[in-house]
Amino acid sequence: MTSPHLSERALQEAAESLALLPATQTAHLRGCHQCQDQVATYQHLFVATTRLPQPAFTFDLTASVLAQLPRPRPAFPWVLCWVAVPVVGVVGAFLALFGGTLVQVFQDMATLLGGGLLVIVGFLMAGQCVELLAQYRRQMRLLSFS
Ligand SMILES: [Zn+2]
């Protein structure tokens, strides 16, 4: 037996499985009673550790960890404002330039066009609400600790 004794790490790996050790260390372990005794001690320790009861705290561990996490701030939708302001400007300019013509057109087909616009706006609003709800559910799913 010329190889040195196994390191603590190698002894612990051998206690878990001999397949984790290189061949030279496995050969040493077969011939060295001191290392075999230490591996047996680690195996007893590992078994005893698995039999320990789950730790019980006198405080709510989840609540204390959650209290230390940074709170997400509701972000103001600046991107939406950057998009909405030019769109409102373009629509306003369009109405200022062609408003008189549009009033004439809308008076001719007021009921049909108005109804169609209301239906389209309703679909857009419903779509936005569904998307917001789906986003909220995704975020809540990320926060669940089950
Ligand atoms: Zn040894």
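No experiment lies behind these values; they were computed from the predicted model shown.

According to UniProt, the positions carrying the feature "transmembrane region" (unreviewed entry) are residues 75-98 and 110-134. Helix makes up 88% of residues 75-98 and strand 0%, whereas the separation of the span's terminal C-alpha atoms amounts to 37 Å.

Okay, the coordination of the zinc ion next. All of the protein donors around the zinc ion are H5 (ND1), H28 (NE2), C32 (SG) and C35 (SG); their distances to the metal are 2.0 to 2.3 Å. Relative to the metal, the four donor atoms surrounding the zinc ion lie at angles of 99 to 117°, and the coordination shape comes out tetrahedral. All donors of the zinc ion belong to a single chain; written as a sequence motif, their spacing is H-x22-H-x3-C-x2-C. For C35, a relative accessible area of 0% translates into the label buried.

Another point: the packing of helix α1 (residues 8-16) against helix α3 (residues 33-50). At their nearest, the axes of α1 and α3 sit 8 Å apart, and the two run at 60° to each other. Note that α1 runs across α3; the crossing there is right-handed. Seen from α1, the contacting residues are E8, L11, Q12, A14, A15 and E16; seen from α3, they are C35, Q38, V39, Y42, Q43 and F46. Partitioning the contact of α1 with α3 into residue classes produces seven nonpolar, three polar and two charged.

Moving on: the domain arrangement of the protein chain. Taken domain by domain, the protein chain comprises domain 1 (8-50) and domain 2 (78-143). Between the C-alpha centres of domain 1 and domain 2 the distance comes to 70 Å.

Within this structure, the stated rule accounts for two salt bridges. As a salt-bridge pair, E13 and R9 come within 3.4 Å of each other at their nearest N and O atoms. Pair noted here: E13 and R9 are both in helix α1, with a separation of four residues, about one helical turn. Given the relative accessible area of 64%, R9 is considered exposed. Measuring nitrogen to oxygen at the nearest pair gives 3.5 Å for the salt bridge that ties E131 to R138.

What counts, and at which threshold
- Residues numbered from 1 in each chain as written.
- Predicted model: local features only at pLDDT ≥ 70, side-chain atom pairs only at ≥ 80, totals over all residues.
- Heavy atoms only, no water.
- UniProt positions renumbered as here; feature names shortened; annotations may be inferred.
- Helix = DSSP H or I, 4+ residues; strand = E, 2+ residues; numbered from the N terminus.
- Donors = N, O, S within 2.8 Å, 3.2 Å for Na, K, Ca; no water.
- Tetrahedral: all angles 85-135°; square planar, octahedral: opposite > 155°, others 65-115°.
- Buried < 20%, exposed > 50% of the residue type's maximum accessible area, 1.4 Å probe, protein only.
- Axes fitted to C-alpha atoms, helices over the stretch in contact; angles between N-to-C directions.
- Left-handed = near helix turned anticlockwise from the far one by under 90°.
- Contact = heavy atoms within 4.5 Å.
- Nonpolar A, V, L, I, M, F, W, Y, C, P; charged D, E, K, R; others polar.
- Domains from an automatic or database assignment.
- Salt bridge = Lys/Arg side-chain N within 4 Å of Asp/Glu carboxyl O.

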